[in-house]
Amino acid sequence: MRIGILTYWTSNNNYGQILQCYALQKFLRLQGHEAFLIRYLPHNIKISLFQKIKRNLSVKKLLYRFSPQKKRDKELAAFEHSLYLRNVELDKIRKFDDFKNNYINASQKVYNSMGELRQNPPEADVYICGSDQVWNNSLLSPETSVWYLNFGERGIRRIAYAASIGRDISEYEKKKFKQYLLRFNAISVREKSSLLLCESLGIRHVQVTLDPTLLLPVEEYRKLESAPQDSGVKTYLFMYVLNVSCKDEIYWDKIKAYLSRSRLDFKIVCSSGYMQARELVNEYANLQATLPEWLFYIDNSSYVMTTSFHGVVFCIKMHKPFLVILLTNRYAKGNDRIISLLEAIGLSERIFNPNLQLKMQIEKPINWEMVDENVSKLQQKSFEFLKNNLK
């Protein structure tokens, strides 16, 4: 069966984004399907004049225009842009394009708009959207309907697999959200909160399925690994960070004290998510690891700390003792997917508690036999969802 997958794929430093793209395609191809990535790269969309007026005439918006917060936000945007320009150069070291070219089968054409997808849709028996936060975009834009597979022949099956939202859907968006969901032949989401949202809108038969990275056996990832030049260090704590603006948000003082007592080395990789990657601690540089090196760093670490959902996933796959630091900033809604997964597999205690001793938490043994059993049960549900809907 020919399957076109719509998901995020353009990042040059977000390891989880690219590996989830790789994983779903790889899994489907291992099942004998001809799966490929639909390369969708939208141009910046201009909102209509009516939408601009509607947004800017609210009392809240008018007050904001003359508030000190606007100046602070403008300065923050300028700072983020400067980081972006710096990361464009640094990301060349990570060589994400090499990985994509070598391991991801993709459509020859790059689609830049809904119009292009409708005019010349990719040929497939099935379209799948997901995983990652493919439903995070504002529903004010008509282009957002691309992420709900609003293109192609009517007879093509449309499936959402482990789709994630990652934000609160506002009341004025819910009608459009439901309208889009009704077009699917089958829907699965990645978090329980997304399931509850769908059910509240009257969308039934929605399932929670695993992120694609959890579908593949760990051996498939170890085949990709490559040792970095500094791989001679045997004992280290590895940290992978997303959506953190300063070292206080990762409780650096506690980590630094633990490193000093344990005599572990420390390696850190920061990626761009909703905010640009940055150097968080002066003592240790942000490593510009390739994807194979990033996998190696996790697999060969003594312990891992992360703010990333996919950082957690690969610790689970590779049986690495880990702690996840939940976000406390404006992107804290993204914690839902982490909490949902850890609750499902019995690892809620791996959420870092700053009021407890770090050593006690991170060095506490994990019952990997229990974890693997719980993951296996969830895998079976995910396997069945895909099998039943790809007949």
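Read on for a plain summary of the structure. Just so we're clear, the structure is a prediction, and the values are computed from it rather than from any experiment.

1. Observations regarding the side chain of S340
Step number 1: In this structure, S340 sits in helix 13 (residues 335–345).
Step number 2: A relative accessible area of 16% means that S340 is categorised as buried.
Step number 3: Only 3.5 Å separates the side chain of S340 from the backbone nitrogen of K192, close enough to count as a polar contact.
Step number 4: Ignoring sequence-local partners within four residues, the contact set of S340 consists of R190, E191 and K192.

2. Re the layout of surface pockets
Step number 1: Space inside the largest pocket adds up to approximately 1,400 Å³.
Step number 2: Every residue lining the largest pocket is counted, 42 residues in all, and those nearest its centre are Y8, T10, Q17, G273 and Y274.
Step number 3: Of all elements in the fold, only helix 1 (15–30), helix 4 (68–90) and helix 12 (309–317) reach the threshold of two or more residues within the lining of the largest pocket.
Step number 4: Counting residues per element, the lining of the largest pocket draws most heavily on helix 4, at 3 residues.
Step number 5: A per-class count over the lining of the largest pocket returns 15 nonpolar, 22 polar and 5 charged.
Step number 6: In this model, the second largest pocket occupies a volume close to 460 Å³.
Step number 7: Around the second largest pocket, the lining comprises 16 residues; the ones closest to its centre are N136, Y274, M275, R330 and Y331.
Step number 8: Residue classes in the lining of the second largest pocket are distributed as 4 nonpolar, 6 polar and 6 charged.

3. What to know about unusual backbone geometry
Step number 1: S131 follows G130 through a cis peptide bond whose omega is 5°.
Step number 2: Here S131 is to be found in the loop between strand 4 (126–129) and strand 5 (157–163).
Step number 3: Residue N243 is not a glycine yet carries a positive backbone phi of 60°.
Step number 4: Relative to the elements of secondary structure, N243 occurs in the loop between strand 8 (236–242) and helix 10 (252–262).
Step number 5: Judged by relative accessible area, which is 9%, N243 ranks as buried.
Step number 6: Residue H319 is not a glycine yet carries a positive backbone phi of 55°.
Step number 7: Along the chain, the position of H319 falls in the loop between helix 12 and strand 11 (322–324).
Step number 8: Among the residues examined, H319 registers a relative accessible area of 31% and is labelled partly exposed.

4. Details of a positive patch on the surface
Step number 1: On the surface, R118, K175, K176 and R183 cluster together into a patch of positive charge.
Step number 2: Take R118: it is sitting in helix 6 (residues 114–119).

5. As for the sheet that holds strand 3 (residues 106–111)
Step number 1: Strand order across the open sheet formed by 7 strands is 3-2-1-4-5-6-7, with parallel pairing between neighbours. Across the chains shown, the open sheet's two edge strands, defined by having one partner strand only, are strand 3 and strand 7 (207–208).
Step number 2: As paired elements, strand 4 and strand 5 share 4 bridges and run parallel to each other. Bridge pairing in strand 5 places V126 opposite R157.
Step number 3: Here helix 15 (residues 368–389) sits on the sheet in contact with strand 5, strand 6 (186–189) and strand 7, set at roughly 170° to strand 5.

6. Some remarks on the packing of helix 1 against helix 11 (residues 291–299)
When two helices pack together, their arrangement is given by the angle between the helix axes and the distance between those axes.
Step number 1: The geometry of helix 1 relative to helix 11 is characterised by a closest axis approach of 11 Å and an angle of 100° between their N-to-C directions. In terms of orientation, helix 1 and helix 11 fall into the roughly perpendicular class. Residues Y15, I18 and L19 of helix 1 form the contact with helix 11, whose own contacting residues are L291, W294 and L295.
Step number 2: Partitioned by chemical class, the residues of the contact of helix 1 with helix 11 number 6 nonpolar, no polar and no charged.

7. A word on the packing of helix 1 against helix 5 (residues 96–103)
Step number 1: At a minimum axis distance of 11 Å, the contact between helix 1 and helix 5 shows a crossing angle of 5°. When the axes of helix 1 and helix 5 are compared, the pair comes out roughly parallel. Each of Y15, I18, L19, Y22 and Q25 in helix 1 lies in contact with helix 5, whose residues at this interface are F96, F99, K100 and Y103.
Step number 2: Among the residues forming the contact of helix 1 with helix 5, the class breakdown is 7 nonpolar, 1 polar and 1 charged.

Criteria and thresholds
- Residues numbered from 1 in each chain as written.
- Predicted model: local features only at pLDDT ≥ 70, side-chain atom pairs only at ≥ 80, totals over all residues.
- Heavy atoms only, no water.
- Helix = DSSP H or I, 4+ residues; strand = E, 2+ residues; numbered from the N terminus.
- Buried < 20%, exposed > 50% of the residue type's maximum accessible area, 1.4 Å probe, protein only.
- Polar contact = N/O pair within 3.5 Å; in protein donor to acceptor, adjacent residues only side chain to side chain.
- Contact = heavy atoms within 4.5 Å.
- 1 Å grid on protein atoms, 1.4 Å probe; cavity = no way out; pocket = protein on both sides within 12 Å on 5 of 7 lines; lining within 4 Å.
- Points joined across faces, edges and corners; volume = space filled by probe spheres on them.
- Nonpolar A, V, L, I, M, F, W, Y, C, P; charged D, E, K, R; others polar.
- Patch = residues over 30% accessible without salt bridge, like charges linked within 9 Å, V, L, I, M, F, W, Y side chains within 5 Å.
- Areas by Shrake-Rupley, 256 points an atom, 1.4 Å probe, with all protein chains shown as cover.
- Salt bridge = Lys/Arg side-chain N within 4 Å of Asp/Glu carboxyl O.
- Lys, Arg positive; Asp, Glu negative; His and termini not counted.
- Charge placed at Lys NZ, Arg CZ, Asp CG, Glu CD.
- Pairing = 2+ DSSP bridges.
- Axes fitted to C-alpha atoms, helices over the stretch in contact; angles between N-to-C directions.
- Parallel < 35°, antiparallel > 145°, perpendicular 65-115°, else oblique.

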